[in-house]
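Architecture and fold: a report
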Amino acid sequence: MTPAWILDVFAAVMLAVAAVSAAQLVAAWPRRYGPVSTDTDIAHLLMAIAMAGMLVPSLTTLPDRAWEIVFGLLTAWFAGRVLRAGGGCAPHLVHSAAMLYMFLALPAPAADGMRTLRYPTLAFAFGLALAGYCVWDLDQLSGRRHAFGGVLSPGVTVSCRIAMGVTMALMLFRMI
Amino acid sequence: MSETAVVSGRTAWRDRLGTRAQAANPAVDLRRALQLGLAGCWLLDAILQYQAFMFGKAFGRMLGAMSVGNPGVIARPIGWNATLVAHHAVLLNTIFATLQLLIGLGIACRPAVRVALAASIAWALGVWWFGEGLGMVLTGSASPVNGAPGAVILYALLAVLLWPRDRSGAPAPFPAARAIGAPAARALWLVLWLSLAYFALLPGNRAPQALHDSIASMASGEPHWLAGLDRAAASLVANHGLSASIVLAVALAVIAAGVYLPRPAAMAALVLGIAVAVVIWVVGEALGAILAGGATDPNSGPLLILLALAYWPTTR
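Keep in mind that this is a model prediction, so the values were computed, not measured.

Calculation notes
- Residues numbered from 1 in each chain as written.
- Chains lettered and ligands numbered in written order.
- Predicted model: local features only at pLDDT ≥ 70, side-chain atom pairs only at ≥ 80, totals over all residues.
- Helix = DSSP H or I, 4+ residues; strand = E, 2+ residues; numbered from the N terminus.
- Buried ≥ 20, exposed ≤ 12 C-beta atoms within 10 Å, placed from the backbone.
- Contact = placed C-beta atoms within 7 Å.
- Rg over C-alpha atoms; globule rule 2.2 N^0.38 Å.
- Axes fitted to C-alpha atoms, helices over the stretch in contact; angles between N-to-C directions.
- Parallel < 35°, antiparallel > 145°, perpendicular 65-115°, else oblique.
- Left-handed = near helix turned anticlockwise from the far one by under 90°.
- Nonpolar A, V, L, I, M, F, W, Y, C, P; charged D, E, K, R; others polar.
- Expected span 1.5 Å × (residues − 1).
- pLDDT = per-residue confidence, 0-100.

**Section: the overall build of chain A**
The helix and strand inventory of chain A stands at six helices and zero strands. When the elements of chain A are put in sequence order from the N terminus, they spell out α-α-α-α-α-α. When burial is assessed residue by residue, chain A has 46% of its 176 residues classed as buried. Considering only contacts within chain A whose residues lie at least 6 apart along the sequence, 71% involve residues at least 24 apart.

**Considerations on the overall build of chain B**
Within chain B, the regular secondary structure consists of 15 helices and zero strands. Relative to a compact globule of 316 residues, whose C-alpha radius of gyration would be 20 Å, chain B shows 22 Å and is just as compact. Relative to its 316 residues, chain B shows a buried fraction of 49%. Partitioning the contacts of chain B with sequence separation of at least 6, the portion at a separation of at least 24 is 70%.

**What to know about the packing of helix H13 (residues 241–258) of chain B against helix H14 (residues 263–284) of chain B**
Residue and element names in this part refer to chain B. For the pair H13 and H14, interaxial distance at closest approach is 8 Å and the crossing angle is 135°. With respect to H14, the axis of H13 lies oblique. Crossing handedness for the pair H13 and H14: left-handed. Across the interface between the two elements, Ala251, Val254, Ile255 and Gly258 from H13 touch Ala265, Ala266, Ala269, Leu270, Leu272, Gly273 and Val276 from H14. Among the residues making up the contact of H13 with H14, the classes are represented as nine nonpolar, two polar and no charged.

**Re the environment of B:Trp129**
Residue placement: B:Trp129 occurs in helix H6 (residues 113–130). For the pair B:Trp129 and B:Phe55, spaced 74 residues apart in the sequence, the C-alpha separation amounts to 21 Å.

**Side note on the environment of B:Ala253**
Residue and element names in this part refer to chain B. Position of Ala253 among the secondary structure elements: in helix H13. In the structure, Ala253 is positioned 58 residues away from Ser195 in sequence and 9.0 Å away in space, judged by C-alpha atoms. What Ala253 contacts, discounting residues up to four positions off in sequence, is Leu194 and Ala197.

**Some words on H6(B)**
Taking 1.5 Å per residue as the helical rise, H6(B) with its 18 residues ought to reach 26 Å, and the 25 Å between its terminal C-alpha atoms agrees with that figure. B:Val113, B:Ala116, B:Leu117, B:Ser120, B:Trp123, B:Ala124, B:Val127, B:Trp128, B:Trp129 and B:Phe130 are the residues of H6(B) that are buried.

**Side note on helix H9 (residues 182–200) of chain B**
Residue and element names in this part refer to chain B. Taking 1.5 Å of rise per residue, 19 residues should cover 27 Å, and H9 covers 27 Å from first to last C-alpha, within 8% of that figure. Along H9, the positions that sit buried rather than exposed are Ala185, Arg186, Trp189, Trp193, Leu196, Ala197, Phe199 and Ala200. Each element contacted by the buried residues of H9 is listed here: helix H7 (151–161), helix H8 (177–180), helix H10 (203–206) and H13.

**Overview of the packing of H7(B) against helix H15 (residues 300–310) of chain B**
Residue and element names in this part refer to chain B. Look at H7 against H15: their axes get within 9 Å of each other, and the N-to-C directions meet at 20°. Viewed along their axes, H7 and H15 adopt a mutual orientation that is roughly parallel. Here H7 and H15 pass one another in a crossing that is left-handed. Here Ala151, Leu154, Tyr155, Leu158 and Leu161 of H7 lie close against H15, whose contacting residues are Ser300, Leu303, Leu304, Leu306, Leu307 and Ala310. Each residue belonging to the contact of H7 with H15 can be placed in one class, and the counts come to ten nonpolar, one polar and no charged.

**Describing unusual backbone geometry**
Residue and element names in this part refer to chain B. Cis rather than trans, the peptide bond between Ala148 and Pro149 has omega equal to 0°. Relative to the assigned elements, Pro149 resides in the loop between H6 and H7. Here Ala286, not a glycine, exhibits a phi torsion of approximately 50°, which is positive. Positionally, Ala286 belongs in the loop between H14 and H15.

**A closer look at the confidence of the model for chain B**
Overall, the prediction assigns chain B a mean pLDDT of 90, with 91% of residues at 70 or greater. Every residue in residues 1–25 of chain B is under pLDDT 50, and counting partners more than four places away or in other chains gives 35 contacts.

**With respect to the environment of A:Leu73**
Residue and element names in this part refer to chain A. With respect to the helices and strands, the residue Leu73 is situated in helix H3 (residues 64–85). On the basis of neighbour counts, which here come to 13 C-beta atoms within 10 Å, the residue Leu73 falls in the partly exposed class. In this structure the C-alpha to C-alpha distance between Leu73 and Leu141, which are 68 residues apart in sequence, comes to 28 Å.

**Concerning the confidence of the model for chain A**
All names here are of chain A. Taken residue by residue, chain A gives an average pLDDT of 87. The fraction at 70 or more is 86%. Looking at the elements of chain A, mean pLDDT is at its lowest for helix H5 (residues 120–148), recorded as 86, and at its highest for helix H4 (residues 90–105), recorded as 95. Here residues 146–152 scores under 50 on pLDDT; set against residues more than four positions off or in separate chains, the count is three contacts.

Structure representation (structure tokens):
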């Protein structure tokens, strides 16, 4: 079994992501950033809370069925965004779809507490895509910092996405 | 600057980073793209290292099994390391997984790429000995179909070939030549693929049922589609171990010589190399046995593909 404290660390990272996303939403509110970045922050907030609950059961906030509906809606929203605006929203679509898949493919816990995902090939595909987006995001983020320096807010948003991508991929491969 | 301008500028940043399709990406050439592929492989390695079973006694036993058949001077440190890992599985595996995570993220982060690549070479060499028993190349049981010469040594080789440095002089004919020069890069390619051809012809691999048994054993625990593919491939080579090994060895030798050929023939050889790597990864390695649970890495297939792409001609 993975030691509980390691899962606690990842859950803490997710709670930090949730806090940062909430702070960005609050900070953005009077400045009217518009739906373009607001939906990203809302998605990050919800995903981080859901993942923290999956990693540490005591942090569970909503029943699985509710999260299925939430991530079904987010997946549909970002799919629409991808269709309208192109591939820029694809990472958000993949993150939302991976969360939806995790909740749909997760059976009830076995006697030993281990949960194994149905359709593991999908978990593998999502894991690869998430790992790919993580390295791409990090490359782009570090390249921009070289070129332009100190743009805190976008950097924080992308850093949150990287942390969520790593954690999500880790959860998927743990449950194959 | 007015607040409106600041907000507008920041909004534009957020849009480009998160949501807009027309992002102006920093330049990513083929070598950088391959570095990112390598980073992705390290990241996948790290994530697999965090799997539950890695924190138990089974990981130490798995490492200990790598000493079997190796000469004493190689086997003894493997046994010592396996015992150490078995006794401190949680601590050491956490360190291993986190180190691999940092290597993967480090290669993806432009300012840290040199440090991360250097660390990856040192770590890969250590794992090749203590974790993979030198890819079992000294035991007579290494086979290109199941990961010889050890996936992790390919990480080190890629780190050397993709080192972010350019030799002065004429433009390099392919990305792998940029850091160490074309003659050295071609020699490394030749040695690797010829060694794979040699391993394919070892007595243990050319026996009538050797290839069949190796492929069929990978079906266990895999999803239906992959297990079916493995069983079908195994039945195809049943009792044809010698002829299949010869065909494979000839293909590997052609790939080895390919980088010395003129551009069109070299490209054909590289495509053949990629095709062979895909077949090895899907059929021989069952995608690194990741879907069966308990894999420590994606095995050699993806790395051979990255390697072939590193030799893709970029100048005419």
